[in-house]
Amino acid sequence: MPAKKGLYANIHAKRKRIAAGSGEKMRKPGAAGAPTAANFKASAKTAKKRTKKVSVSSKGPGRLTKKK
């Protein structure tokens, strides 16, 4: 059985479907079936940490600059 997608994956997928013209709407906070604050707290526990991106600058070899 494949792993279930997370809360944020489902939210982003729905936003993408809405942008494509599916006619769906996001639920309002507090509506039946909408994620609660507890759901967001639980999903934050399993979230991946963001990493800082580093790119090579065009100013010469060996020089690194941080992306914003």
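Residues numbered from 1 in each chain as written. Predicted model: local features only at pLDDT ≥ 70, side-chain atom pairs only at ≥ 80, totals over all residues. Heavy atoms only, no water.

By rolling a water-sized probe across the atoms, one finds the places where empty space is left. Taken as a whole, the largest pocket spans an internal volume of roughly 320 Å³. Taken together, 13 residues form the lining of the largest pocket, with Ile 11, Met 26, Arg 27, Ala 34 and Pro 35 sitting closest to its centre. For the lining of the largest pocket, the per-class residue count stands at 7 nonpolar, 2 polar and 4 charged. (1 Å grid on protein atoms, 1.4 Å probe; cavity = no way out; pocket = protein on both sides within 12 Å on 5 of 7 lines; lining within 4 Å. Points joined across faces, edges and corners; volume = space filled by probe spheres on them. Nonpolar A, V, L, I, M, F, W, Y, C, P; charged D, E, K, R; others polar.)

Another aspect to go through is the side chain of Lys 14. Summarising the element assignment, Lys 14 is placed in helix α1 (residues 7-19). Of the side chains with opposite charge, Glu 24 lies nearest to the buried Lys 14, which makes no salt bridge, at 4.2 Å. Within the local environment of Lys 14, its side chain forms a polar contact with the backbone oxygen of Lys 25, the two atoms lying 3.3 Å apart. Those residues in contact with Lys 14 that sit more than four places away from it in its chain are Glu 24, Lys 25 and Met 26. (Helix = DSSP H or I, 4+ residues; strand = E, 2+ residues; numbered from the N terminus. Buried < 20%, exposed > 50% of the residue type's maximum accessible area, 1.4 Å probe, protein only. Lys, Arg positive; Asp, Glu negative; His and termini not counted. Salt bridge = Lys/Arg side-chain N within 4 Å of Asp/Glu carboxyl O. Polar contact = N/O pair within 3.5 Å; in protein donor to acceptor, adjacent residues only side chain to side chain. Contact = heavy atoms within 4.5 Å.)

This paragraph deals with the side chain of Ser 43. Take Ser 43: it is sitting in helix α2 (residues 37-45). Its relative accessible area of 15% is what places Ser 43 among the buried residues. Here Ser 43 is in contact with Leu 7 and Tyr 8, once residues within four sequence places are set aside.

We now examine the pattern of salt bridges. Applying the stated criterion to the full structure yields 1 salt bridge. A salt bridge links Glu 24 to Arg 17; its shortest N-O distance comes to 2.8 Å. Classification of Arg 17 as partly exposed rests on a relative accessible area of 39%.

Take the confidence of the model for the protein chain next. Per-residue pLDDT for the protein chain averages 83, and the proportion of residues at 70 or more is 78%. Predicted confidence in the protein chain is weakest over strand β2 (residues 64-66), with a mean pLDDT of 62, and strongest over α1, with 94. (pLDDT = per-residue confidence, 0-100.)

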